[in-house]
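For reference, the chains in residue letters:
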Amino acid sequence: MNRKIRCAVIGLGRLGYWHAVNVKTKIQSAELVYICDRNEELAKKVSIELDVPNFTTNPSDIFYNDRIEAVIIASPTSTHFELLKEAAFSNKAVFVEKPLVSNLDEAKEIFEIMKRHNTICQVGFMRRFDPAYAEAKKRILRGDIGKPIYFRGISRDPASPPEEFIKNSGGIFIDMAIHDFDIARYLMESDVEAVSAHGKVLKYPFMSKYQDVDQSLCYLEFESGAVGDVESSRNAHYGYDIRAEVIGTEGTIFIGGLRQHNIQVLTSSGAVHDIVQDFPTRFKDAYYLELEDFFNALLEGYQPKVTVEDGVKAQEIAVAAQESFFKQEKVSLKTSKIL
Ligand SMILES: NC(=O)c1ccc[n+]([C@@H]2O[C@H](COP(=O)([O-])OP(=O)(O)OC[C@H]3O[C@@H](n4cnc5c(N)ncnc54)[C@H](O)[C@@H]3O)[C@@H](O)[C@H]2O)c1
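Residues numbered from 1 in each chain as written. Predicted model: local features only at pLDDT ≥ 70, side-chain atom pairs only at ≥ 80, totals over all residues. Heavy atoms only, no water.

Quick reminder of the rule: UniProt positions are given in the numbering used here, feature names are shortened, and annotations may be inferred rather than shown by experiment.
By the naming in an unreviewed UniProt entry, the protein chain goes by Inositol 2-dehydrogenase and is assigned to Aeribacillus composti. Listed under Sequence similarities (unreviewed entry) in UniProt, the entry text for the protein chain is "Belongs to the Gfo/Idh/MocA family."

Quick look at the structure:
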């Protein structure tokens, strides 16, 4: 029988639950032996539903269990730093949801700790594993559109997540735009050197309490000379809308679309098609594929494809965007870079 990595999931909320389902039901190279959530009732319920032998409300039960090799962290962003430290100190391989941590001081410290402990870490930038984004990357590398010169990223949530989530999320640039910052670096094959960010509260007044906004726009300048823009929104009442464009010197790639199924229904009152409503549906394959690759990397001994460096670099852009938004001026990453 093939070896399976014994693993645990910490945080069983909107996304962690799906990670637990994927590991339990789809991933051949892993065995889910422990789950953890601060909410005991939830941990117990999921352990019964998924037939996971152990549950706890205390992450240390997992980190200091010698039989567990890998941990998936999907608890709120504000908890990542402490949990990542425990993962490094207890020699676990770790898959951590984006963003890596909440701020650059934490990013710098965790990067150094992980380097010292040789921690294997993959960050949950699942768009890189989404079949459409992955195909775009392949075409760019093949030279189909020449040299990439413009990136456009659109990420629109159908509504704001709950206030409790926003409070611990780090804000729209660090929580949401960070997906586009990562995929922009990846597809444009260049780091970002400057950001100008704007934003406004259009629909959710409670955001102001956390110095957050529900609509933002960032203008990116890449080291390669390319430029781009990233729109992030919590206001797309019609559905979950994730798209991107990469314009090259010899062609353009459009990535993603609105439809869940590739059909249109035509009646005498017109034509309609459905729209993807949420992230678990849009990125169903990507969430599975990123975890499958994480466990394969552990078994086969290759570096995870989205590293802690990638996590830090996306965070640098996000923090610069936040600073630019607060100061209302362009921010260069040259001075703030930690890697
Ligand atoms: N990759 C993506 O597309 C994507 C999508 C959504 C969320 N996320 C990320 O996943 C993380 C979780 O987000 P979510 O939307 O699932 O949050 P959530 O609030 O729905 O769930 C978080 C869960 O963690 C539990 N929890 C809180 N503190 C804990 C602790 N110290 N130890 C154990 N459990 C704890 C909570 O009880 C809750 O059940 C965040 O970092 C977020 O940025 C990523």
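## Side note on the site of the ligand
Threshold: A cutoff of 4 Å decides nearness: a residue is near a molecule or strand if any of its heavy atoms lies inside that distance of it. The definition of a polar contact used here is a pair of N or O atoms within 3.5 Å, where within protein one atom must be able to donate a hydrogen and the other to accept one, and adjacent residues in sequence count solely through side-chain atom pairs. Each accessible area value is a Shrake-Rupley result obtained with a 1.4 Å probe; residue values ignore everything except the protein chains displayed when judging cover. Going along the chain from the N terminus, every DSSP run of H or I of four or more residues is numbered as a helix, and every run of E of two or more is numbered as a strand.
Near the ligand you find 27 residues, and of these Arg14, Asp37, Thr77, Lys98 and Tyr287 are the closest. Within the side chain of Arg14, one N or O atom sits 2.7 Å away from an oxygen atom of the ligand. Taking Glu97, its side chain carries an N or O atom lying 2.9 Å from a nitrogen atom of the ligand. Here the ligand, which alone exposes 850 Å², has 87% of that area covered by the protein. Secondary-structure elements contributing two or more residues to the shell around the ligand are α4 (77-89) and α8 (172-188). Broken down by element, the shell around the ligand gets its largest block of residues, 3 residues, from α4.

## Quick look at the packing of aromatic side chains
Where we set the bar: Two rings belonging to Phe, Tyr or Trp (six-membered ring only in the last case) form a pair when the distance between their centres is within 6.5 Å. Interplanar angles under 30 degrees mark stacking, angles over 60 mark edge-to-face geometry, and anything in between is tilted. The buried label goes to any residue with under 20% of its type's maximum accessible area, the exposed label to any with over 50%, and the partly exposed label to all in between, with areas taken from a 1.4 Å probe on protein chains only. For a lysine, the NZ atom is tested; for an arginine, the CZ atom; a charge sits over a ring if that atom is within 6 Å of the ring centre and within 35 degrees of the ring normal.
Counted under the stated rule, the structure contains 10 aromatic pairs. Taking 5.1 Å as the distance between ring centres and 75° as the angle between the ring planes, the aromatic pair formed by Tyr17 and Trp18 counts as edge-to-face. Overall, the relative accessible area of 37% leaves Trp18 in the partly exposed class. Taking the centre distance of 5.1 Å and the plane angle of 65° together, the rings of Phe294 and Phe295 count as edge-to-face. As far as burial versus exposure is concerned, Phe294 and Phe295 are alike and both buried. Taken together, Tyr240, Phe279, Phe283 and Tyr287 form an aromatic cluster joined through their ring pairs. One residue, Lys137, lies across the ring of Tyr186, its end atom 4.3 Å from the ring centre.

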